[in-house]
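Structural features, examined
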Amino acid sequence: MAVLAGGTTAMGVFGAMQLNKAAGTTINTTGAVQLVICVVVGALAMLAAIAGSRPLLRKVTEGPAQTAD
């Protein structure tokens, strides 16, 4: 999660900085704060989904039944 989400977010921020530099503008701090909030909320939601699905995963994988194919 850290490599994929962090890497793509970092590439997007780097690209936005280069675009802002080429346009002669500065970084919008409210946009940066919104980005940080969205990244944190997204990471927390994904960790909650992983934690929430663990009981179901354990239930499904605890006693695999063999079937005749």
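Here the structure is shown first, and the text comes after it.
About the thresholds
- Residues numbered from 1 in each chain as written.
- Predicted model: local features only at pLDDT ≥ 70, side-chain atom pairs only at ≥ 80, totals over all residues.
- Heavy atoms only, no water.
- Helix = DSSP H or I, 4+ residues; strand = E, 2+ residues; numbered from the N terminus.
- Buried < 20%, exposed > 50% of the residue type's maximum accessible area, 1.4 Å probe, protein only.
- Expected span 1.5 Å × (residues − 1).
- Bend = angle between axes of the 7 residues up to and from the residue.
- Patch = residues over 30% accessible without salt bridge, like charges linked within 9 Å, V, L, I, M, F, W, Y side chains within 5 Å.
- Areas by Shrake-Rupley, 256 points an atom, 1.4 Å probe, with all protein chains shown as cover.
- Salt bridge = Lys/Arg side-chain N within 4 Å of Asp/Glu carboxyl O.

1. A look at the overall build of the chain
- Across its full length, the chain carries 2 helices and 0 strands.
- The principal-axis extent of the C-alpha atoms belonging to the chain is close to 70 × 25 × 15 Å.

2. Side note on the environment of Gln34
- Within the secondary structure, Gln34 sits in helix 2 (residues 29-61).
- Gln34 sits in the exposed class, given a relative accessible area of 53%.
- Each C-alpha atom of the pair Gln34 and Ser53 lies 28 Å from the other, and the pair is 19 residues apart in sequence.

3. Describing helix 2
- Between its first and last C-alpha atoms helix 2 spans 47 Å; for 33 residues at 1.5 Å apiece the expected length is 48 Å, and the two agree.
- Its maximal kink placed at Arg54, helix 2 deviates by approximately 35°, while the proline Pro55 follows within four residues.

4. Observations concerning a nonpolar patch on the surface
- A contiguous nonpolar patch, built from Met1, Val36, Val40, Leu44, Met46, Leu47 and Ile50 and spanning about 620 Å² of accessible area, is present on the exposed surface.
- With respect to the secondary-structure elements, Met1 resides in the segment before helix 1 (2-23).
- Since its relative accessible area comes to 47%, Met1 is described here as partly exposed.

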